[in-house]
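Analysis of the macromolecular model
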Amino acid sequence: MAADVHKKKGWEVPNGSLAPGDGQHTERSESPTPGLAQGTEPGAGQEGAMFVHTRSYEDLTSPEDGAAAARSPEERRGEPAEPSSMEQISKDFSELSTQLTGMALDLEEEMRQSKEGKLEPSPQTTRRDSVLSGKEEEDVTMDAWRMHRKHVFVLSEAGKPVYSRYGSEEALSSTMGVMMALVSFLEAEKNAIRSIHADGYKVVFVRRSPLVLVAVARTRQSEQEIAHELLYIYYQILSLLTWTQLNHIFQQKQNYDLRRLLAGSERITDNLLDLMAHDPSFLMGAVRCLPLAASVRDAVSTSLQQAKAKSLVFSILLSGNQLVSLVRKKDQFLHPIDLHLLFNLISSSSSFREGEAWTPICLPKFNSSGFFHAHISYLEQEMDLCLLLVSTDREDFFTVSDCKRRFQERLRRRGVHHALQEALRTPFYSVAQVGIPDLRHFIYKSKSSGLFTSPKIEAPYVREEEKERLLGLYQYLHSRAHNSSRPLKNIYFTGPRENLLAWVTSAFELYICYSPLGTKAGAISAVNKLMKWIRKEEDRLFILTPQTY
Amino acid sequence: MGRDLGRHESFNESSLLQSAKPQLPMGMAQKATPGTSLEGIRPTYLYKVVLLGSTSVGKSSLAYRYVKNDFKESLPTVGCSFFTQTLNLEAGTVKFEIWDTAGQEKYHSVCHLYYRGAHAALLVYDITNKETLNRAKLWLRDLEKEFLPDEIVIALVGNKTDLAADREVATEEGEEFARTKGLLFMETSAKSNHHVNDIFMAIVSN
Ligand SMILES: Nc1nc2c(ncn2[C@@H]2O[C@H](COP(=O)(O)OP(=O)(O)O)[C@@H](O)[C@H]2O)c(=O)[nH]1
Ligand SMILES: [Mg+2]
């Protein structure tokens, strides 16, 4: 099999690394935001990171010519900076607060414009004091969210359908228009991202030869974010086929019907689209950890590390979409996108709960030209704990299966089984633990570790639409913070039902959501307090000492 | 026999019974690998079974019914699934290793590997879908390329008998095809637990 990682002839292994060597991941010079130096923020790993350093969106958009880079985070970390003091944080905040006023106005202005221009549904950005009187604005917002819809199509460059999210009937009606637009689009260069705004819709095209991905969205997401989701879909397809095989197929036959090869995997893609609408991991380009006492996590990691085999590259233990532990081969780094694809694969089929699965999988950010072989199984019937062992050798099923047995045995001998079970009973923590009355929810991402933490979404975000609405607000702030032409470091958002604040530095990203009655000054002191809390809890919320074998 | 025993070699290493000729259901001595049990009285035999057939004919459901004696509406397979089930017979313990494949084209090259060393193959089709029987015939051709006729027990399995109203393949048609090809034949229902144990018993004792 030409695409097999270890079999492929002439596939050089640079520096003894399984990942294709070096490349385009040159660090952008971040504007000199003071504060925590990368690697010293809460959640930063103490002994190096587990993941390839990511820049989320930019990372997704790097071309897949088999030379995607995987570089050690240590290389970029530079000099370990002094652990920054709280004074420094406070100083950042005073800076922040001066920027906030301008930002808020700027944001409101923009929202008003976009509303008038009917470009996209947007929340009413009226003053806080009108909050209680506003039945009207409530409706506007709700309507906008009821309309939340997104069609996704994947086509080959020859125009053959590859995937359609809502089946063929719905696809048909809108496809004609899409096709027409495609005609002009296809003239454009490779790897282009284009978008059209029309009639309350955004149509976003992403071309990744030999595929074209199209989204027709009625969401508040920016085209950058919609494109980001389309790229995830593209990587999802690569993970089933490899980039090499995909290209080979279309070189052989331009009008090949790829649905034949993808038959039966549509639900994996459906699942990915659903996950992206609910789980902030994708938006943050980071991985969430299961909150766990550091001693328990260390024991789990050590057990995983000891149950190794020659062909193993990654041993991953996860619960739901939260990471419990990840042990990797020395010098090999997993990319969060690849891990998200693995999470998605696992959540897409209940069949993994039975028996042991052994499936070829390409991790496109790691190596888009070959397959790994993943051993997937749940540890116990009643426990939401899934073990994923990634091997380079498709013949190694029994060896890898034995690693699982050894891992379980060590877990038992170390006596952490019970503690693990306890932790799984409360997989999410409550924001009340932070002790800030007005704080409703937050997302904090440590950039150097590629991990984030976030409490359970609680009242008033109870119903599904409400949860999606909250994620939508984060999406909106995230897109503003990462807008490629005008990125913002600090955003203060006042809405009728909640206020939000975003703070993006070179070391971390923080998004907080708090009561609409809270003041800006209150929010700033909340951020300060929250950062202290995260620091205090970091060894439970993050994986600070990742292990290797 | 020149069969690749793979990891099962360890069973032989420690086996004192290896050269003994245990009393076995007919045909099994040559098909299974004798192992050892601690008591040294009842030997353990590994018996590798592969499930083949189109998507959705009920391969995973059959495996699940046999191993867990249960039925779940949805168990979409990704790649391959591996199950084990132990069966106590008078002559010894049979440890079934059941390989269930997704049956999708993209996994073809991978599943090919799983044939290797198999003692039996269940070729499954769906009695409510004629096309799946045609596909089963194609899988059979694959198997015939891979194995000599006496190397593997092949059973043709028409699943979903509980959906009698939608039947597209007559029992006789499956039966007749199996006879011409020298295959075992049985109709089953994973849902209503019809003949599921029987088919697994039939392949070991064949
Ligand atoms: N009525 C009925 N449905 C079945 C039976 N066996 C499987 N199914 C259903 O057929 C579909 C496909 O089953 P599955 O075991 O996943 O098929 P596989 O792709 O061959 O593994 C599922 O919806 C099952 O619930 C059966 O004996 N009777
Ligand atoms: Mg199946």
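Residues numbered from 1 in each chain as written. Chains lettered and ligands numbered in written order. Predicted model: local features only at pLDDT ≥ 70, side-chain atom pairs only at ≥ 80, totals over all residues. Heavy atoms only, no water.

Note the following rule: UniProt positions are given in the numbering used here, feature names are shortened, and annotations may be inferred rather than shown by experiment.
Taking an unreviewed UniProt entry as the reference, chain B is identified by name as Ras-related protein Rab-17 belonging to Grus japonensis. Quoted verbatim from the Sequence similarities (unreviewed entry) heading of the UniProt record, the comment on chain B is "Belongs to the small GTPase superfamily. Rab family." Listed in UniProt under the heading Cofactor (unreviewed entry), the comment for chain B reads: "Mg(2+)".

Looking at an unreviewed UniProt entry, one finds chain A named Vacuolar fusion protein MON1 homolog and attributed to Grus japonensis. According to the UniProt record, the Function (unreviewed entry) comment for chain A is "Plays an important role in membrane trafficking through the secretory apparatus." What UniProt states about chain A under its Sequence similarities (unreviewed entry) heading is, verbatim, "Belongs to the MON1/SAND family."

1. Points about the overall build of chain A
Here is the rule we go by: Runs of H or I in DSSP of at least four residues are treated as helices and runs of E of at least two as strands, each being numbered from the N terminus. The rule is simple: take the accessible area with a 1.4 Å probe, protein chains only, and divide by the maximum for that residue type; under 20% is buried, over 50% is exposed, in between is partly exposed. Contacts: residue pairs with any heavy atoms within 4.5 Å of one another. The Shrake-Rupley method, run with a 1.4 Å probe, gives the accessible areas here. Residue values count only the displayed protein chains as cover.
Within chain A, the secondary structure is distributed over 16 helices and 17 strands. The burial tally for chain A puts 61% of its 549 residues in the buried class. The contacts of chain A with a sequence gap of at least 6 include a subset with a gap of at least 24, amounting to 69%. Approximately 21400 Å² of chain A is accessible, and the part contributed by carbon and sulfur atoms is 52%.

2. Observations concerning helix α4 (residues 130-146) of chain B
All names here are of chain B. The cut-off we apply is this: For a helix, the expected span equals 1.5 Å multiplied by the number of residues minus one. Directions are taken from the helix axis to each C-beta atom, and the arc is the one they span. In protein, a polar contact means a hydrogen-donor-capable atom and an acceptor-capable atom, both N or O and within 3.5 Å, with residues adjacent in sequence counting only if both atoms are side-chain atoms; elsewhere, any N or O pair within 3.5 Å suffices.
Compared with an ideal rise of 1.5 Å per residue, which puts 17 residues at 24 Å, α4 spans 25 Å between its outermost C-alpha atoms and is within 8% of the ideal. Every buried residue of α4 is listed here: T132, L133, A136, W139, L140 and L143. When α4 is viewed along its axis, its buried side chains cluster within an angular range of 110° and face the same direction. What points out from α4, more than 90 degrees from its buried face, is the exposed set R141 and K145. Measuring from the backbone nitrogen of E131 back to the side-chain oxygen at the start of α4 gives 3.1 Å, which picks out N129 as the cap.

3. Here's the deal with the site of ligand 1
All names here are of chain B. For clarity, the threshold we go by: Any residue with a heavy atom positioned within 4 Å of a molecule or strand is treated as near that molecule or strand.
Taken together, 20 residues sit near ligand 1, with S56, K59, S61, E73 and D162 positioned nearest. At a separation of 2.8 Å, an oxygen atom of ligand 1 approaches a polar backbone atom of E73. Here ligand 1, which alone exposes 580 Å², has 86% of that area covered by the protein.

4. Observations regarding the packing of aromatic side chains
Residue and element names in this part refer to chain A. Keep this limit in mind: When the centres of two rings from Phe, Tyr and Trp lie within 6.5 Å, Trp using its six-membered ring, the rings pair. Their planes under 30 degrees apart give stacked, over 60 give edge-to-face, and anything left gives tilted. We call a charge positioned above a ring when the Lys NZ or Arg CZ atom is no farther than 6 Å from the ring centre and deviates by at most 35 degrees from the ring normal.
Evaluation of the coordinates by the stated rule reveals 23 aromatic pairs over all chains. With centroids separated by 6.3 Å and ring planes inclined at 75°, the aromatic side chains of Y474 and Y511 adopt a geometry described as edge-to-face. One end of the pair, Y474, is in helix α15 (residues 464-481); the other, Y511, is in strand β16 (residues 508-514), with 37 residues separating them in the sequence. For the pair formed by Y474 and Y511, the shared burial category is buried. Stacked on the ring of Y378, the Lys or Arg R353 has its end atom at 4.2 Å from the ring centre.

5. Brief notes about the coordination of the magnesium ion (ligand 2)
All names here are of chain B. This is how it is decided: Each metal's donors comprise the N, O and S atoms found within 2.8 Å of it (within 3.2 Å for Na, K or Ca). Water is not part of the atom list, so some coordination spheres may appear incomplete.
The coordination sphere of the magnesium ion (ligand 2), as far as protein atoms go, consists of S60 (OG) and T77 (OG1), spread over 2.0 Å. Of the two residues, S60 is situated in helix α2 (residues 59-68) and T77 in the loop between α2 and β3 (80-89); the sequence distance between them amounts to 17 residues. Assigned by exposure class, S60 and T77 land together as buried.

6. A look at the nonpolar core
When a protein is soluble and globular, its nonpolar side chains tend to lie buried together. Residue and element names in this part refer to chain A. Under the convention used in this document: Among buried residues, the Ala, Val, Leu, Ile, Met, Phe, Trp, Tyr and Cys ones that are joined through side-chain atoms within 4.5 Å form a nonpolar core.
Membership of the largest hydrophobic core comes to 91 residues, with the highest contact counts inside it found for L258, I316, F442 and L530. With 12 residues, the top contributor of residues to this core is helix α6 (residues 223-241). Setting aside residues up to four positions removed in sequence, L258 forms contacts with V162, L211, L241, L246, I249 and F250.

7. With respect to the confidence of the model for chain B
Low-pLDDT stretches of the model should not have their predicted coordinates read in fine detail. All names here are of chain B. Let me state the cut-off plainly: A residue's pLDDT is the predictor's confidence in that residue, given on a scale from 0 to 100.
The predicted model of chain B has a mean per-residue pLDDT of 79, with 75% of residues at 70 or higher. Averaged pLDDT values over the elements of chain B bottom out at 31 in helix α1 (residues 9-13) and peak at 97 in strand β7 (residues 184-187). Confidence drops under a pLDDT of 50 for residues 1-32, and excluding neighbours within four residues, the segment shows 55 contacts in the predicted structure. At the level of chain-chain contacts, confidence expressed as ipTM amounts to 0.78, with global pTM at 0.79.

8. Examining the interface of chain A and chain B
Spelled out, the test is: By buried area we mean how much accessible surface two parts lose on assembly, using a 1.4 Å probe and totalling the loss over both. Whenever a carboxyl oxygen of Asp or Glu lies within 4 Å of a side-chain nitrogen of Lys or Arg, that contact is scored as a salt bridge. In this analysis, strands are considered paired if DSSP registers two or more bridges between them.
Taken together, the 28 residues of chain A in the interface contact 26 residues of chain B. Counting each side, the surface lost to burial between chain A and chain B is near 2300 Å², with a carbon and sulfur contribution of 57%. Summed over the three residues of chain A that lose the most area to chain B, namely A:E354, A:W358 and A:F398, the buried surface amounts to 25% of that side. For A:E354, the salt bridge goes to B:K68, with nearest N and O atoms at 2.8 Å. Where chain A touches chain B, the interface holds eight residue pairs in polar contact (both at pLDDT 80 or more). Breaking the side of chain A that touches chain B down by element, the ones donating at least two residues are α6, α8 (259-262), β9 (356-361) and α13 (397-414) of chain A. Among the elements that line the side of chain A that touches chain B, the one with the most residues is β9(A), at five residues. In this structure, β9(A) lies alongside β3(B), joined through three bridges in antiparallel fashion. Following the sheet pairing, A:E356 is matched in β3(B) by B:F82.

9. Some details on the confidence of the model for chain A
All names here are of chain A. Across chain A, pLDDT averages 75, with 69% of residues at or above 70. Looking over chain A, one finds the lowest element-wise mean pLDDT in helix α4 (residues 135-146), namely 37, and the highest in strand β11 (residues 386-391), namely 97. Counting contacts from residues 1-34, a segment whose pLDDT is below 50, to residues more than four positions away or on other chains yields 78 contacts. Counting contacts from residues 54-59, a segment whose pLDDT is below 50, to residues more than four positions away or on other chains yields 19 contacts.

10. Looking at the side chain of A:S349
Checked against the element boundaries, A:S349 lands in the loop between α12 (336-348) and β9. At 2.8 Å, the side chain of A:S349 forms a polar contact with the side chain of A:S351. One polar contact links the side chain of A:S349 to the main-chain carbonyl oxygen of B:P76, over a distance of 2.6 Å. Setting aside residues no more than four positions away along its own chain, A:S349 makes contact with A:R267, B:P76 and B:V78.

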